Amino acid sequence: MLRREPVDVLPRMPILMGFKAQFAGVDYKSFASDSRVKVDANVRCAEHFGFDVVDVMSDPYCETEGFGGEIEYPTDGVPRCPNPPLTSTKDLGQLQTPDPSQSKRMWNTVETVRTYKGRVFEKYSIHGWVEGPAAEAADLRGVQSFLIDVLLDPQWCAELMDLCTDVAIEFARAQIESGADVIGVGDSICSQLPPDVFAELVLPRQQRLFESIRDAGGYARLHICGDIKHLLPFIKDLAVDILDVDHLVDIAAVRECVGTKMILAGNLDPVASLLQGTPEAIRQKIRDTYARIGNPMIVAAGCEIPRDTPHENLRALCEPVAYRH
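Throughout this document, residue positions are counted from 1 along each chain, in the order its sequence is written. Local features in this predicted model are restricted to residues of pLDDT 70 or higher, and side-chain atom pairs are both shown and tallied only at a pLDDT of 80 or more, whereas totals for entire chains, interfaces and linings draw on every residue. With hydrogens and water set aside, each side-chain value is computed from the structure's full complement of heavy atoms.

1. Focus: the overall build of the protein chain
Then, in step 1: Secondary structure elements are defined from DSSP: runs of H or I of at least 4 residues count as helices, runs of E of at least 2 residues count as strands, and each element is numbered from the N terminus. Helix and strand counts for the protein chain stand at 14 helices and seven strands.
Then, in step 2: What you see for the protein chain is a C-alpha radius of gyration of 19 Å, in line with the 20 Å of a compact globule of 325 residues.
Then, in step 3: For every residue, the accessible area obtained with a 1.4 Å probe (protein chains only) is divided by the maximum for its type, and the residue is called buried under 20%, exposed over 50%, and partly exposed between those limits. The proportion of buried residues among the 325 residues of the protein chain is 57%.
Then, in step 4: If you take every contact in the protein chain between residues at least 6 apart in sequence, the share linking residues at least 24 apart comes to 72%.
Then, in step 5: Averaging the coordinates of the 33 positive side-chain charges in the protein chain and doing the same for the 48 negative ones gives two points 5 Å apart. Computation of the radius of gyration draws on C-alpha atoms alone. For the globule rule, the value is 2.2 Å times the number of residues to the power 0.38. Every residue pair with non-hydrogen atoms within 4.5 Å of one another is taken to be in contact. The charged-residue count follows a simple rule in which Lys and Arg add positive charge and Asp and Glu add negative charge, with His and chain termini not counted at all. To locate a charge, take NZ of a lysine, CZ of an arginine, CG of an aspartate or CD of a glutamate.

Below, the structure is given as C-alpha cells:
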C-alpha cells in the first residue's frame, strides 16, 4: 500500500505497548529497556493477532536520554524523566550531543530494528520511531515551560527545535540503515499549539525531517494525539506517507483536506471501542470508516490500545478487510 499498489487486505497497524509487554509476560521496565524483550513481544503479538507491523515504541525518552536526561524505569510503568535537562536553564550548551551509535537508548532502538531485520524482514513492516521537533523540545524543557516559551521566546524555541530536528534526522537515518522501512514521528504536543505558532515554528522543521526520511529511503508516518482539525491546512502539505488520525477528529474531514496522497490510519477510540466495546461493534466501525474514506487506509485505533483490552476485541480489529479496488 505504501507503494500505492493493489493489496489483498487493508494493512493492520495497532499501536500496542503495555499490551505487548503483558501478553509476553514481561514487566514494562524490561520491555522498554531490552531490545531482545521488545522484539520478542512484538513478534509474538503480530503472529498471534495477525497484524502487519512491528515497531520500536515504548516511551518518548530515547533522544532525551541522549541529550543528558536521567530516565527512571518503574517496573510496571512507563519510563519517565522527572527532571528535564532544560528545566531551569535555556543554555543549549548544557545539553549532551546525542549519537545513535553511542547514546544508550538510541543504540538500543537501532539494535531493535536490526534484530527485526534479521528475524522478520519482508514478513512485517518494520517501523522505527523518532520524536518530532516540538515533542522533543517539550521533553527537554518540560511541557508547561515549552508552551509558555513558544509564546514568549519563539526565537529560542526555534533554535531548540532546530537542534531536535538535527538529532531526529540522524536517528531516523540510523534506523533506516538498520532495516526500518517506515519512520514514525511522534509530535503530539502540536495538538495544543495555535495554528499560527505551529505554522511558523514547527511546520518547517517537520517538513525538513520528513523530507530527510524520504531522502534516506524510508516512508514517513506522522502521529499527533488529540484534535488536529486546526492543523490540517498545514499538515496536508507535509511529505507524509501515513497520517495517524485520533478518534477526536472526523476522519472523513481529514480525507477531504489531505486527499489521497496520505494513507489514513485510524481512528477507532482506543478506550470506548477497543477496551470497552464489542467485537461486532469494532468490525462495524472499521467497515463504516472504510466506506467513508476509501483508499488508501490502514486499520488502527486513534492511539495506543490499552493494556487490558480483551483479546477478542484486538482480534476483531485485526480481522482481514478485503481491499476494494
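2. A word on helix α14 (residues 311-318)
Then, in step 1: Turning to α14, its buried residues are Asn 313, Leu 314, Ala 316, Leu 317 and Cys 318.
Then, in step 2: On its buried side, α14 packs onto α1 (18-24), α3 (35-49), α12 (270-275) and α13 (279-293).

3. Some words on the packing of aromatic side chains
The description of an aromatic ring pair rests on the distance of the ring centres and on the angle between the ring planes.
Then, in step 1: Only Phe, Tyr and Trp rings take part, Trp by its six-membered ring, and two of them pair if their centres are within 6.5 Å. Stacked means planes under 30 degrees apart, edge-to-face means over 60, and tilted covers everything else. This model, assessed by the stated rule, comprises five aromatic pairs.
Then, in step 2: On the numbers, 6.3 Å between centres and 50° between planes, the contact of Phe 198 with Phe 234 is tilted. Of this pair, Phe 198 sits in helix α9 (residues 195-215) while Phe 234 sits in helix α10 (residues 232-235), and the two are 36 residues apart along the sequence.
Then, in step 3: A residue is classified by how much of its surface remains accessible, and Phe 198, at 0% relative accessible area, is buried.
Then, in step 4: Aromatic ring contacts, followed pair by pair, group Phe 19, Phe 23 and Phe 49 into a single cluster.
Then, in step 5: The cationic tip of Lys 38 hangs over the ring face of Phe 31; the distance from NZ or CZ to the ring centre is 5.8 Å. Lysine and arginine charges are scored as sitting over a ring when NZ or CZ, respectively, is within 6 Å of the ring centre and within 35 degrees of the ring normal.

4. Quick look at the environment of Leu 2
Then, in step 1: Along the chain, the position of Leu 2 falls in the segment before α1.
Then, in step 2: The exposure class assigned to Leu 2 is partly exposed, which follows from its relative accessible area of 24%.

5. Observations regarding the environment of Cys 303
Then, in step 1: Within the element layout of this structure, Cys 303 appears in the loop between β7 (297-298) and α14.
Then, in step 2: Placed 144 residues apart in sequence, Cys 303 and Glu 159 show a C-alpha to C-alpha distance of 30 Å.
Then, in step 3: Residues in contact with Cys 303, not counting those within four places in the same chain, are Ile 15, His 223, Cys 225, Asp 246 and Pro 270.

6. What about unusual backbone geometry?
Across the chain, the bulk of peptide bonds are trans and the bulk of non-glycine residues have phi less than zero.
Then, in step 1: Cis geometry is found at the peptide bond from Gly 266 to Asn 267, where omega equals 0°.
Then, in step 2: Inspection of the secondary structure assignment puts Asn 267 in the loop between β6 (263-266) and α12.
Then, in step 3: Cis geometry marks the peptide bond from Asn 295 to Pro 296; its omega dihedral reads -5°.
Then, in step 4: Checked against the element boundaries, Pro 296 lands in the loop between α13 and β7.
Then, in step 5: Here Arg 4, not a glycine, exhibits a phi torsion of approximately 60°, which is positive.
Then, in step 6: For Arg 4, a relative accessible area of 41% corresponds to the partly exposed category.
Then, in step 7: A positive phi is found at Glu 122, a non-glycine position, where the angle reads about 75°.
Then, in step 8: Looking at the secondary structure, you find Glu 122 in the loop between α5 (104-120) and β2 (125-131).

7. Topic: α9
Then, in step 1: The largest bend in α9 amounts to roughly 45° and is located at Val 202, with the proline Pro 204 lying one to four residues further along.
Then, in step 2: Inspection of α9 places Val 197, Phe 198, Leu 201, Val 202, Leu 203, Arg 205, Gln 206, Leu 209, Phe 210, Ser 212 and Ile 213 among the buried residues, and these make up the whole buried set.
Then, in step 3: Remark: Gly 217 follows α9 within two positions and exhibits a positive phi of approximately 100°. Take the seven residues that end at a residue and the seven that start at it, fit an axis to each, and the angle between those axes is the bend at that residue.

8. Here's the deal with the nonpolar core
Then, in step 1: By size, the foremost hydrophobic cluster in this structure holds 110 residues, and its most contacted members are Phe 146, Phe 210, Ile 213, Ile 235, Leu 243 and Leu 317.
Then, in step 2: Top contributing element to this core by residue count: helix α8 (residues 154-178), with 13 residues.
Then, in step 3: What Phe 146 contacts, discounting residues up to four positions off in sequence, is Ala 134, Ala 137, Ala 138, Arg 141, Cys 157, Met 161 and Ile 189. Note on terminology: a nonpolar core comprises buried Ala, Val, Leu, Ile, Met, Phe, Trp, Tyr and Cys residues joined through side-chain atoms within 4.5 Å.

9. A short note on the sheet that holds β7
Then, in step 1: Spatially, the seven strands line up as an open sheet ordered β1-β2-β3-β4-β5-β6-β7, and their pairing is parallel. Two strands lie at the open edges of the sheet, namely β1 (53-55) and β7, each paired on one side alone. Two strands are counted as paired when DSSP detects at least two bridges linking them.

10. Section: the pattern of salt bridges
Then, in step 1: Between Lys or Arg on one side and Asp or Glu on the other, a salt bridge is scored when a side-chain nitrogen of the former is within 4 Å of a carboxyl oxygen of the latter. Under the definition given, this model contains 25 salt bridges.
Then, in step 2: Close ionic contact of Arg 36 with Asp 34 constitutes a salt bridge, the shortest N to O distance being 3.1 Å.
Then, in step 3: Judged by its relative accessible area of 62%, Arg 36 is exposed.
Then, in step 4: Taking the shortest distance from any N to any O, the salt bridge between Arg 283 and Glu 319 comes out at 2.8 Å. Within this pair, whereas Arg 283 is found in helix α13, its partner Glu 319 is found in the segment after α14, the two being separated by 36 residues in sequence.

11. Quick look at a nonpolar patch on the surface
Then, in step 1: A contiguous nonpolar surface patch, about 340 Å² in accessible area, is contributed by Ile 148, Leu 151 and Leu 152.
Then, in step 2: Tracing the sequence through the fold places Ile 148 in helix α7 (residues 143-152). Exposure above 30% relative accessible area and no salt bridge define the residues that can form patches, which grow by joining like charges within 9 Å and nonpolar side chains of Val, Leu, Ile, Met, Phe, Trp and Tyr within 5 Å. We get accessible surface area from the Shrake-Rupley algorithm with a probe of 1.4 Å; when it comes to residues, only the shown protein chains can shield them.

12. Points about the pairing of strand β4 (residues 219-223)
Then, in step 1: Here β4 lies mainly inside the structure; four of its five residues are buried.
Then, in step 2: Pairing between strand β3 (residues 182-186) and β4: five bridges, direction parallel. When the sheet's bridge partners are listed, Val 185 is paired in β4 with Leu 222.
Then, in step 3: Think of it like this: strands point away, you trace from the first strand over the helix to the second, and a clockwise trace means the crossover is right-handed. With respect to chirality, the unit in which β3 leads through α9 into the neighbouring parallel β4 is right-handed.
Then, in step 4: Where β4 and strand β5 (residues 242-245) come together, two bridges link them in parallel fashion. Pairing of Leu 222 across the sheet is with Leu 243, part of β5.

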